[in-house]
Amino acid sequence: MNPALRQEYLAALGLDAWVARGKSVPVAAGDGGAPPDALGAREAGVDWPKLRARVAACTRCTLCNTRTQTVFGVGSQTAQWLIVGEAPGAEEDARGEPFVGRAGQLLNSMLHAIGLARDQVYIANVLKCRPPGNRDPSLSEAAECLPFLEQQITLLKPKVMLAVGRIAAQNLLRTDLTLGRLRQQVHRFGLSQVPLVVTYHPAYLLRTPTDKRKAWEDLKFAREVCARV
Ligand code: URA
């Protein structure tokens with residue numbers, strides 16, 4: 001990427017310099033908990049259009065009573081990167097697209113900073129419906145919804161997954177470890193064992209801009225992981 005453009009993106013992220021780091025990529029030993037293996041089975045064999053229709057018609061949990069619409073996911077169906085957040089917020093629920101609010105704008109800047117346009121990646125959430133008041137997803141809501149994401153992963157075959165935020169990371173990895181403990185390691189997701197990297201949620205970074213530099217390190221780390229797959 002053109003250095004001036006990169007500088008512009010870094011500035012948008014609130015970072016003023018690229019800090020060169022070593023190339024080593026540590027791998028998590030004995031990753032927290034069993035992968036959510038058989039989860040994908042419920043939607044196995046379902047193609048993109050059918051999966052989208054199934055999500056749109058889903059009544060598996062009570063969130064269907066309060067949603068405006070489901071938020072399936074957006075992006076390239078041949079993307080190498082899958083970004084996974086927690087759940088739609090108010091703007092996402094209104095527009096039917098993940099990460100379209102202020103946090104989404106920061107996510108776009110973060111992606112740009114590592115040379116990725118929003119339409120080059122695929123973006124989805126653990127939950128396809130907005131929890132009222134933006135409360136955390138319950139365990140049962142996540143369990144009911146994860147098979148949809150599992151099938152999206154099967155269809156997409158991403159080279160790397162980026163879990164943004166503690167809630168997404170803990171649900172995907174079935175752990176209660178803190179985000180600080182989960183970042184800067186390569187985890188593996190599901191039967192396909194897709195490499196998964198954890199970073200901060202952009203909404204958190206909007207509140208805590210001093211951690212943007214750590215998020216930048218995570219993005220570079222994920223890029224290294226993607227490059228070596
Ligand atoms: N936060 C998320 O985790 N996902 C969205 O789609 C929007 C905000």
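For the structure, see preceding data.
Residues numbered from 1 in each chain as written. Predicted model: local features only at pLDDT ≥ 70, side-chain atom pairs only at ≥ 80, totals over all residues. Heavy atoms only, no water.

S.K.: Describe unusual backbone geometry, with residues and values.
M.R.: Positioned with a positive phi, Asn 134 is a non-glycine residue whose angle comes to about 60°. Mapped onto the elements, Asn 134 comes out in the loop between strand S3 (122–125) and helix H5 (139–156). With phi around 55°, Gln 193 is a residue other than glycine that occupies positive phi space. Structurally, the position occupied by Gln 193 is in the loop between strand S5 (187–189) and strand S6 (194–199). (Helix = DSSP H or I, 4+ residues; strand = E, 2+ residues; numbered from the N terminus.)

S.K.: Which residues make up the packing of helix H2 (residues 48–56) against H5, and what values do they have?
M.R.: The N-to-C vectors of H2 and H5 enclose an angle of 165°; their axes lie 11 Å apart at closest approach. Here H2 is positioned roughly antiparallel relative to H5, judged by the angle of their axes. Crossing hand, H2 versus H5: left-handed. The segment H2 lies against H5, with Trp 48, Leu 51, Arg 54 and Val 55 engaging Phe 148, Gln 151, Gln 152, Leu 155 and Leu 156. (Axes fitted to C-alpha atoms, helices over the stretch in contact; angles between N-to-C directions. Parallel < 35°, antiparallel > 145°, perpendicular 65-115°, else oblique. Left-handed = near helix turned anticlockwise from the far one by under 90°. Contact = heavy atoms within 4.5 Å.)

S.K.: Describe the pairing of S3, naming the residues involved and giving the relevant values.
M.R.: Within a regular strand, the side chains alternate between the two sheet faces. Both faces of S3 are covered, namely the face carrying Tyr 122 and Ala 124 and the face carrying Ile 123 and Asn 125. With 2 bridges connecting them, strand S1 (residues 74–75) and S3 associate as antiparallel partners. Within S3, the position partnered with Gly 75 by the bridge is Tyr 122. In the sheet, strand S2 (residues 81–85) pairs with S3 via 4 bridges, with the strands oriented parallel. By the bridge assignment for S3, Val 84 is matched with Ala 124. (Buried < 20%, exposed > 50% of the residue type's maximum accessible area, 1.4 Å probe, protein only. Pairing = 2+ DSSP bridges.)

So, to be careful, I would describe these as geometric facts and stop short of saying anything about function.
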